[in-house]
Amino acid sequence: MIMCTENCAYQEDGLCNLKKITSFSSKPIKYCPYFRGKDKNRA
Ligand code: SF4
């Protein structure tokens, strides 16, 4: 599992739900190519 706290559509409970990513650094995900922002207008 990949820990991630980005406000990303794939992030859930602090973990990345995008199973495709297997080889990934343990850094914060500012540079994640898979980042997909959530719609801030939605609750
Ligand atoms: S796709 Fe990237 S930014 Fe989004 S939750 Fe996964 S690791 Fe984080």
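This text gives an overview of the structure that appears in the document. What you are looking at is a predicted structure, and each value in this text was computed from that prediction instead of being measured.

Some details on the overall build of the protein
- A tally of regular secondary structure across the protein gives zero helices and two strands.
- Residues classed as buried in the protein amount to 23% of the 43 residues present.
- Taking the intrachain contacts of the protein between residues at least 6 apart in sequence as the baseline, contacts between residues at least 24 apart amount to 44%.

Structural notes on the environment of Leu 18
- Position of Leu 18 relative to the elements: it lies in the segment after strand 2 (15-16).
- You can call Leu 18 buried: its relative accessible area is 13%.
- The contacts of Leu 18, once residues within four sequence positions are left out, are Tyr 10 and Tyr 34.

Things to note about unusual backbone geometry
- Positive phi outside glycine occurs at Asp 13, with the angle close to 55°.
- For Asp 13, a relative accessible area of 76% translates into the label exposed.

Some points on the side chain of Gln 11
- Note on placement: Gln 11 falls in strand 1 (residues 11-12).
- Relative accessible area serves as the criterion here: at 15%, Gln 11 is assigned to the buried category.
- Reaching out from Gln 11, the side chain makes a polar contact with the backbone oxygen of Glu 6 at a distance of 3.0 Å.
- Of the polar contacts made by the side chain of Gln 11, one reaches the backbone nitrogen of Asp 13; its length is 3.2 Å.
- Residues contacting Gln 11, with those up to four places away along its chain left out, are Cys 4, Thr 5, Glu 6 and Lys 38.

As for the environment of Arg 36
- Take Arg 36: it is sitting in the segment after strand 2.
- Here Arg 36 falls in the partly exposed class, since its relative accessible area comes to 48%.
- Residues Arg 36 and Asn 7 lie 29 residues apart in sequence; the distance between their C-alpha atoms is 8.2 Å.
- Here Arg 36 is in contact with Asn 7, Cys 8, Ala 9 and Tyr 10, once residues within four sequence places are set aside.

Parameters and conventions
Residues numbered from 1 in each chain as written. Predicted model: local features only at pLDDT ≥ 70, side-chain atom pairs only at ≥ 80, totals over all residues. Heavy atoms only, no water. Helix = DSSP H or I, 4+ residues; strand = E, 2+ residues; numbered from the N terminus. Buried < 20%, exposed > 50% of the residue type's maximum accessible area, 1.4 Å probe, protein only. Contact = heavy atoms within 4.5 Å. Polar contact = N/O pair within 3.5 Å; in protein donor to acceptor, adjacent residues only side chain to side chain.

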